[in-house]
Amino acid sequence: MADVHAVNFDTKVTKFSDQPEGNPPTRRRQTIIFSNFVQKLIMNSKILVTGGTGYIGSHTVVELQTAGYEVIVVDDLSNSNIDVLDNIEQISGKKPAFEQFSLADAAKTDDFFNRHRDIAAIIHFAASKAVGESVQLPLHYYRNNLVSLLNILDCQVKYGISNIVFSSSCTVYGQPDKLPVTETTPRKDAESPYGNTKRVNEDILQDAVRAYPQLKGIALRYFNPIGAHPSALIGELPLGIPQNLVPFITQTAAGLRSELLVFGDDYDTPDGSAIRDYINVVDLAKAHLVAIERLLQNQNKTGYEVFNLGTGNGYSVLEIVKGFEKVTGLKLNYRIVERRAGDIEKIWADTTFANQELGWKAEKGLEETLLSAWNWEKRVRGIR
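Residues numbered from 1 in each chain as written. Predicted model: local features only at pLDDT ≥ 70, side-chain atom pairs only at ≥ 80, totals over all residues. Heavy atoms only, no water.

Asker: Would you mind going over the overall build of the protein with me for this structure?
Answerer: A count of helical and extended segments in the protein gives 12 helices and 13 strands. A burial count over the protein gives 52% of its 384 residues as buried. If you take every contact in the protein between residues at least 6 apart in sequence, the share linking residues at least 24 apart comes to 79%. Put simply, the protein shows about 17400 Å² of open surface, and 48% of that area lies on carbon and sulfur atoms. (Helix = DSSP H or I, 4+ residues; strand = E, 2+ residues; numbered from the N terminus. Buried < 20%, exposed > 50% of the residue type's maximum accessible area, 1.4 Å probe, protein only. Contact = heavy atoms within 4.5 Å. Areas by Shrake-Rupley, 256 points an atom, 1.4 Å probe, with all protein chains shown as cover.)

Asker: Before we go on, may I ask you to explain the pattern of salt bridges in this structure?
Answerer: One side chain can pair with another of opposite charge once the charged atoms of both are near each other. In total, this model carries 22 salt bridges according to the counting rule given. For K188, the salt bridge goes to D177, with nearest N and O atoms at 2.6 Å. Note that K188 is positioned in the loop between β5 (163-169) and α7 (193-211) and D177 in the loop between β5 and α7, a separation of 11 residues in sequence. Assessed through its relative accessible area of 73%, D177 is described here as exposed. R221 is paired through a salt bridge with E202; the nearest N and O atoms lie 2.7 Å apart. (Salt bridge = Lys/Arg side-chain N within 4 Å of Asp/Glu carboxyl O.)

Asker: Sorry, what's going on with the packing of helix α6 (residues 138-159) against α7 here?
Answerer: Geometry of a packed helix pair, given as the angle between the helix axes and the separation of the axes. For the pair α6 and α7, interaxial distance at closest approach is 10 Å and the crossing angle is 20°. In terms of axis orientation, α6 runs roughly parallel to α7. The handedness of the crossing between α6 and α7 is right-handed. Facing α6, whose interface residues are P138, Y141, Y142, N145, L146, L149, L150 and L153, α7 presents P193, Y194, N196, T197, V200, N201, I204, L205 and A208. (Axes fitted to C-alpha atoms, helices over the stretch in contact; angles between N-to-C directions. Parallel < 35°, antiparallel > 145°, perpendicular 65-115°, else oblique. Left-handed = near helix turned anticlockwise from the far one by under 90°.)

Asker: Can you help me understand α7 in this one?
Answerer: Since there are 3.6 residues in each turn of an α-helix, residues three or four apart along the chain are aligned in direction. An ideal rise of 1.5 Å per residue puts 27 Å on 19 residues; α7 measures up with 26 Å between its terminal C-alpha atoms. Looking at α7, one finds that the buried residues are P193, Y194, G195, T197, K198, N201, E202, I204, L205, A208 and V209. Where α7 is buried, its residues meet α5 (131-136), α6, β5, β6 (216-222) and β11 (304-309). (Expected span 1.5 Å × (residues − 1).)

Asker: What am I meant to see in the pairing of strand β8 (residues 260-263) here?
Answerer: Remember that side chains alternate between the two faces of the sheet whenever the strand is regular. Burial along β8 is one-sided: the face carrying L260 and V262 is buried and the face carrying L261 and F263 is not. Two strands pair when backbone bridges link them, and β8 and strand β13 (residues 334-337) are joined in this way by four bridges, in the parallel orientation. Counterpart to F263 in the pairing with β13 is V337. (Pairing = 2+ DSSP bridges.)

Asker: Quick question: what am I supposed to make of the nonpolar core here?
Answerer: In globular proteins that are soluble, nonpolar side chains generally tend to be buried together. In terms of nonpolar packing, the biggest core is built from 38 residues, with I47, L64, V165, L220, L309 and W360 touching the most fellow members. Looking at this core, the element that brings in the most residues is helix α9 (residues 281-296), giving nine residues. Every residue in contact with L220, bar those within four places of it in the chain, is listed here: V165, F166, S167, S168, S169, A287, H288, A291, F307 and L309. Counting 25 residues, the second largest nonpolar core, distinct from the first, contains I119, I161, I204 and A208. (Core = buried A, V, L, I, M, F, W, Y, C linked by side-chain atoms within 4.5 Å.)

Asker: Hey, could you run me through the pairing of strand β2 (residues 70-74) in this one?
Answerer: Counting buried residues in β2 gives four out of five residues, a clear majority hidden from the surface. Here β2 runs beside strand β3 (residues 97-99); their pairing, made up of three bridges, is parallel. Across the sheet, residue V73 finds its bridge partner in β3, namely F98. Handedness of the β2-helix α3 (residues 84-92)-β3 crossover: right-handed. (Right-handed = clockwise from strand over helix to strand, strands pointing away.)

Asker: Looking at this structure, how should I read the sheet that holds β6?
Answerer: The pairing of strands in a sheet comes from backbone hydrogen bonds and takes either a parallel or an antiparallel form. Pairing is parallel across the open sheet formed by seven strands, whose spatial order is β3-β2-β1-β4-β5-β6-β11. The outermost strands of the open sheet, each flanked by one partner alone, are β3 and β11. With strand direction ignored, the average angle separating the axes of adjacent strands in the sheet is 20°. Strands β1 (46-50), β2, β3 and β4 (119-124) of the sheet are contacted by helix α4 (residues 106-115), whose axis makes an angle of about 145° with β4. In the packing of α6 onto the sheet, contacts are made with β1, β4 and β5, and the angle to β4 comes to roughly 165°.

Structure follows, in structure tokens:
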């Protein structure tokens, strides 16, 4: 397979051996042939997706494989299930290659990259990701989330892999002074160790790109992904008690939880509950595909770029609860409790830059997204 990350995409083709003598190709035909050649190389590229059996990762694997990319997944299965690979295959027609280990293990990470030197790009999802849990287990979060990225970047430099898309988060903005947030909104001290790992990892990636010019990185700061694939074959299935709102809602509706806990009703918001920008996970996955292609085609404007991924709309927790009740016809049993440590009051995105620069936009509405989450939960629990 071609070593795609070593291809100079600016090369001008001036001669083709299969052209008859005396009938040279036109410049336009040269351009078309070369463009098709480059596209074929790109579509045959091998993409590493870390955390690819997880919630966002699995949806991104589907989009990559549907687009024709070869995908290899690395995941330690600490918060996901190996059966996800079979469901990815049902959707996309192909099961991705898979290896199970922790990327925080430097020796295993190096061995993996040594055996897969033809990787063209990396999408790095693998991380511990629960805000509340990170407050209780800060050392685990710093060790797992920071060391894994450091090991990956070390191997990128060592084995000549240029491209990485990093799964960042709007948590790097803390509680912003002005809404909506743009990519130039100042980052603040994080409200949780989880948020701080995202901020520090962004700094690590930016510094690495500055020090090693062969590296190119995009940090995607996404807001609150919810929903599931329309097939209901993959979705969010946390192990243990859900830390995110929507799986807590769907598990309560399914009878796995006796009640839904709403953390705080005394925020400075219209109904007192916290406000977030909820984005459909399929829309989010498609943005990762766009980001990868931006890097592979050398369309990035700088070595390190940042984009906000959201809908541009903020909804409160209680609005999500009522929206779920509306689309499903179910009544949720919920109880207001004290605020949760690490949570911010309100945040939503200004997506103008991502919409214009990436040519990407979130398309799916809130009701469709909530219904997809419920359809996923029903399939998993065998509910008709």
